[in-house]
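A look at the structure
Residues per chain are reported as follows:
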Amino acid sequence: MLNKMIVPFLFAALLAGCANKEVLLGTDGDLSDPSAVIQEFDTVMNSDAPAIAGGVLKYALVAESSFQGIFSPVFSEDAYDEELMDFSHESIFSYDEEFQFTQDGMATFAQNENLKTVSITLRDNLKWSDGVALTVDDILYAYEVIGHPDYAGSLYGESFANVVGMTEYHEGTADSIVGIEVLDDTHLTIAFEELNPSLLQAGGALWSQPLPRHQLESIPVSEMARSSQLREQPVGSGPFRVKAIVPGESVLFEANEYYWKGKPKLDNILVEVVGSATIVSEMEAGNYDVAIMPTSSYESYKDFDNITLLGRAELATTYIGFKLGSQDVESGANSLNLSSKMADAALRQAMAYALDNEFVAAVLFDGLRQPANGMIPPVFEGFSDEEAVGFSYDPVKASSLLDEAGYLDSDGDGFRETPDGEPLKINFAAVAGGDATETVVAYYIQQWEEIGLDVSLATGRLIEYQKFHDMLASDSPAIDVYQATWGTGMDPNPTEMFGRTSALNYTRWTNEKNDALLGQINAAAASDENTRTGIYQEWQSLLFEEAPVIPTFWRTQIFAVNNRVKNFNIRYGATRGWETIELTSEEPVR
């Protein structure tokens, strides 16, 4: 709880050369109850106005850098690419508001009596966007590519290794995956070593994105991500298909007449990259119909007459991570380095208690971000722990933790040294641009300085999006601490983020109790809701004790929609998507 009165607010986040660490904070209000400012929004936008035939919807991809343009869920690791594929790629399964698979999509499923085998049945006459038949062989092909010894993406891990025969196939000792059996063009079975509760969780252990064998099979798996087939002529199963690409800048989509629900109402969707600094003026001018807006500038666009704002809980948690080890490239195993700069849990906990995220969320983000007390967003009921204490703002406790651990200012320069008396200089990395990142980073550096820690920007500046992720993935020694976002997707299972062999475990933190709890999360007993809740709470308690990451914010995702758009729905589990959207006028409302 905030117990301070603060003078008029000014975030002076001016990090020119990382020399200016002055961040003056204040407001004349009492923020002792920040929850009072949390915003609520509708998730559906309807209109009684008659629709025009066809038309072109303009979508702004709000980004600070170009997109990579890998149009395949099997290979893409870029959030911008994921946003683009929302138009052209679609899961074969539908899901409900609780992110559980339903039987309303392109495929239905059934668990056999032993519960370890899943039968998948595709609808008849499904087609890819190029008109070629989509069959269960394309589901098998996705498993074959992800499990291939030459696959360099980040998906292969415990979930895929749970498929019977996948380990042997991945290690190159078998030519096929014996646990996957194609019965005919529309029927397939997958046998698993163990029953995993995530099997029926959307985005979980049951892979739901087929891969077009007819287009890609002639390309070596090691070269597939760089191929023109995925970057220039991608084939998908969604309501729209790629017509033209300006690499990194824009994509023109056209209606897919082979889409399983029927041809979409719109003729085209044009997506263009727009920076966060200009998106507000672009939406006000009516230059775009839809954009996911930066929450830090909410006050500047919340009263625009030509747009409607929709909002939902984002399936993501912003966090601060600590580099604690490295990953062996050959084996994929993460290993903890007990002598790394950030190895002391007391140091990590102190850095957590130094941060006043309650204040930042309430003031800078107008209640559109919430301080996070754990890594699992509260939208996942039965997984998150809303009663968890988390790391509240307590600089006195932060300083005490450092004192007790032997991090003292021995030379009187205002900064603490290591327990061995060596200088402690911490390099902090974050992505350039984005939603007030510069301001938040400046504030964090100041707060850490106030407890005697010498923290500066890695590389001397904020880092371009792709370079940042490349540096994390390669365990660059230039980064000690970093700010990032864990996109949970529709399955909050933390195995792929914190697993011992996960490529996405960028902290490289490993822990035997963590291994055991992740094993329990992926075991049959966790199918029981009470059991699952207890395991997840215990796992989050372990993260609190060990602090390999500091959860900072849960986020609200804001969509600005021009008032000429009809039938726009962002509710999770909605059965109607881009294919039903229409326009009510040729020109946008300005």
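Throughout what follows, the structure given in this document is the object of discussion. Note that the coordinates shown come from a computational prediction; the quantities given were computed from them, not determined experimentally. Each chain has its residues counted from 1, following the order in which its sequence is written. Only residues with pLDDT of at least 70 get local features here, since the model is predicted, and only at 80 or more are side-chain atom pairs given and counted; chain-wide, interface and lining totals rely on the full set of residues. Side-chain descriptors were evaluated using all non-hydrogen atoms of the structure, hydrogens and water having been removed beforehand.

Moving on to the environment of D356. Labels follow the DSSP assignment, with helices taken as runs of H or I lasting at least four residues and strands as runs of E lasting at least two, numbered in each case from the N terminus. Within the secondary structure layout, D356 lies in the loop between α9 (345–353) and α10 (357–363). Residue D356 is classed as buried on the basis of its relative accessible area, which comes to 0%. When the C-alpha atoms of D356 and E422 are compared, they prove to be 28 Å apart, with 66 residues separating the residues in sequence. Categorising residues by exposure relies on relative accessible area from a 1.4 Å probe, with only protein chains included: less than 20% of the type maximum marks a residue as buried, more than 50% marks it as exposed, and the intermediate range marks it as partly exposed.

In this section: the nonpolar core. Within this scheme, the nonpolar core is defined by two criteria: the residues are buried Ala, Val, Leu, Ile, Met, Phe, Trp, Tyr or Cys, and they are joined through side-chain atoms within 4.5 Å. If you look at the biggest cluster of nonpolar residues, it comprises 74 residues, and the most contacted ones within it are M351, M375, W448, L453 and Y482. Of all the elements, helix α12 (residues 437–450) adds the most residues to this core, at 6 residues. If we skip the residues at most four places from it in the chain, M375 touches T317, Y319, W486, M497, F498, W539, Q540, L543, V549, P551 and W554. Counting 47 residues, the second largest nonpolar core, distinct from the first, contains I120, W128, Y143 and L230. Two residues form a contact once any of their heavy atoms are found within 4.5 Å.

Below, the discussion takes up unusual backbone geometry. Residues other than glycine seldom take positive phi values, yet D366 does so here, at roughly 50°. Among the structural elements, D366 can be located in the loop between α10 and β16 (369–371). Under the relative-accessibility criterion, D366 is labelled buried at 16%. A positive phi angle is found at T459, which is not glycine, with a value near 70°. Within the fold, T459 resides in the loop between β18 (454–457) and α13 (465–473). According to the relative accessible area criterion, T459 is partly exposed, its value standing at 37%.

With that settled, the discussion passes to the packing of helix α15 (residues 512–521) against helix α16 (residues 529–546). In this description, a line fitted to the C-alpha atoms serves as the axis of each element, helices being fitted only across the stretch in contact, and the angle between N-to-C directions of two axes falls anywhere from 0 to 180 degrees. The contact between α15 and α16 brings their axes to 10 Å, and the two run at 160°. By the angle class used here, α15 and α16 are roughly antiparallel. For the element pair α15 and α16, the recorded crossing hand is left-handed. Residue-level inspection shows K513, N514, L517, L518, Q520 and I521 of α15 in contact with α16, the latter providing I535, Y536, E538, W539 and L542. Grouping the constituent residues of the contact of α15 with α16 by class yields 7 nonpolar, 2 polar and 2 charged. If an angle is under 35 degrees, it is roughly parallel; if it is over 145, roughly antiparallel; if it lies from 65 to 115, roughly perpendicular; otherwise it is oblique. Crossing handedness is defined as follows: a turn of the near helix away from the far one that is anticlockwise and smaller than a right angle gives a left-handed crossing, while the clockwise case is right-handed. Just so you know the grouping, Ala, Val, Leu, Ile, Met, Phe, Trp, Tyr, Cys and Pro go in nonpolar, Asp, Glu, Lys and Arg go in charged, and all remaining residues, Gly too, go in polar.

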